[in-house]
Structure formats: C-alpha cells, structure tokens
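The chain contents come next:
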Amino acid sequence: MKTIEIEPYDPEERTWSEPEPATSFRTIDGLPIYLCDKRDLVHACEGADIHPDVRVYWTLCGKDASNDLVYLAKDEAITCPLCQELARVANDP
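Please read all numbers here as calculations on a predicted model, not as lab measurements.

*Asks:* When you look at the overall build of the chain in this model, what are you seeing that I'm missing?
*Replies:* Secondary structure summary: the chain contains one helix and seven strands in total. Helices and strands in the chain line up, N terminus first, as β-β-β-β-β-β-β-α. Looking at the 93 residues of the chain, the share that counts as buried comes to 27%. Here the analysis covers contacts within the chain between residues at least 6 apart in sequence; of these, 48% occur between residues at least 24 apart. For the chain, the exposed area adds up to about 7,600 Å²; of that, 54% sits on carbon and sulfur atoms.

*Asks:* For this particular structure, what's the right way to read the pairing of strand 5 (residues 54-59)?
*Replies:* Two faces make up the sheet, and in a regular strand the side chains alternate between them. Bridge count for strand 4 (residues 42-51) against strand 5 is six bridges, and the pairing is antiparallel. Bridge pairing in strand 5 places Gly 47 opposite Tyr 57. Linking strand 4 back to strand 5 in an antiparallel pair, the connection comprises two residues. Bridge count for strand 5 against strand 6 (residues 64-65) is two bridges, and the pairing is antiparallel. Bridge pairing in strand 6 links Tyr 57 to Ala 65. The hairpin turn running from strand 5 into strand 6, its antiparallel successor, is four residues long, and Gly 62 in that turn takes a positive phi close to 95 degrees.

*Asks:* Which parts of the structure should I look at to understand the environment of Val 54?
*Replies:* Residue placement: Val 54 occurs in strand 5. With 13 residues separating them in the primary sequence, Val 54 and Asn 67 have C-alpha atoms 9.9 Å apart. Once residues lying within four places of it in the same chain are set aside, the contact partners of Val 54 are Ala 48 and Asp 49.

*Asks:* Explain the packing of aromatic side chains to me, please; I cannot follow it from the model alone.
*Replies:* For any pair of aromatic rings, geometry is given as the distance between the ring centres together with the angle between the planes. On inspection of all chains with the given rule, the structure shows two aromatic pairs. Judged by centre distance (6.5 Å) and plane angle (90 degrees), the rings of Phe 25 and Tyr 57 are edge-to-face. Taken as a pair, Phe 25 in strand 1 (residues 24-25) and Tyr 57 in strand 5 lie far apart in primary sequence, 32 residues in all.

*Asks:* What am I meant to see in the side chain of His 43 here?
*Replies:* When you line up the elements, His 43 lands in strand 4. The class for His 43 is buried, based on a relative accessible area of 1%. Within the structure, His 43 has its side chain in polar contact with the side chain of Asp 37 (distance 2.9 Å). Setting aside chain neighbours within four positions, we find His 43 in contact with Ile 33, Tyr 34, Leu 35, Asp 37, Thr 59, Cys 61, Lys 63, Cys 80 and Cys 83.

How each quantity is defined
- Residues numbered from 1 in each chain as written.
- Predicted model: local features only at pLDDT ≥ 70, side-chain atom pairs only at ≥ 80, totals over all residues.
- Heavy atoms only, no water.
- Helix = DSSP H or I, 4+ residues; strand = E, 2+ residues; numbered from the N terminus.
- Buried < 20%, exposed > 50% of the residue type's maximum accessible area, 1.4 Å probe, protein only.
- Contact = heavy atoms within 4.5 Å.
- Areas by Shrake-Rupley, 256 points an atom, 1.4 Å probe, with all protein chains shown as cover.
- Pairing = 2+ DSSP bridges.
- Phe/Tyr/Trp six-rings, centres within 6.5 Å; stacked < 30°, edge-to-face > 60°.
- Polar contact = N/O pair within 3.5 Å; in protein donor to acceptor, adjacent residues only side chain to side chain.

Put into structure tokens, the structure is as follows:
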C-alpha cells in the first residue's frame, strides 16, 4: 500500500483558481432565445458561455434547455406564464 502525503494547508498560498462567473445573455445577434417544450409552451431562455466551446441554456422559469432545442425568433409569443412574468419584470424600469 502506498501512502499519499498531504501538504499542510497554507491559507496565504493560492493553490487553485476560482473560475470567473459566466456572463448570461438573453439574445444572440439581437434576437431573443426561446424553447418550445413537449406541451407546446414557449419559454424565454437565457444562456451563458461557460467554456470557450461550451454554451448552456435554461428557461427563465428554471428548466434546462437543450442546445439543439433552443431557437432564435424575432416576435415569438411566450406562452409559459412564469417566463412571461419574469420577462416582464426584467423589462420593467
């Protein structure tokens, strides 16, 4: 059996780097992001680039949104009641 030695913790020495928080967005090239679910509810979406090659999306009401199911539209009507309310609140001054 091999023993692994652990170095003593030094709070002054930074041993890892905290990732920068990803900036979220609700539009791409000026067009809003949407998702239509299995019940035909249209959700407003938000996204973030969490790595140079990785973009994730979620609905305003908190559901994960698959990259291959989100779409851009100019005048889509949001039919999810919670997404409607959260989008309205976000747009109020």
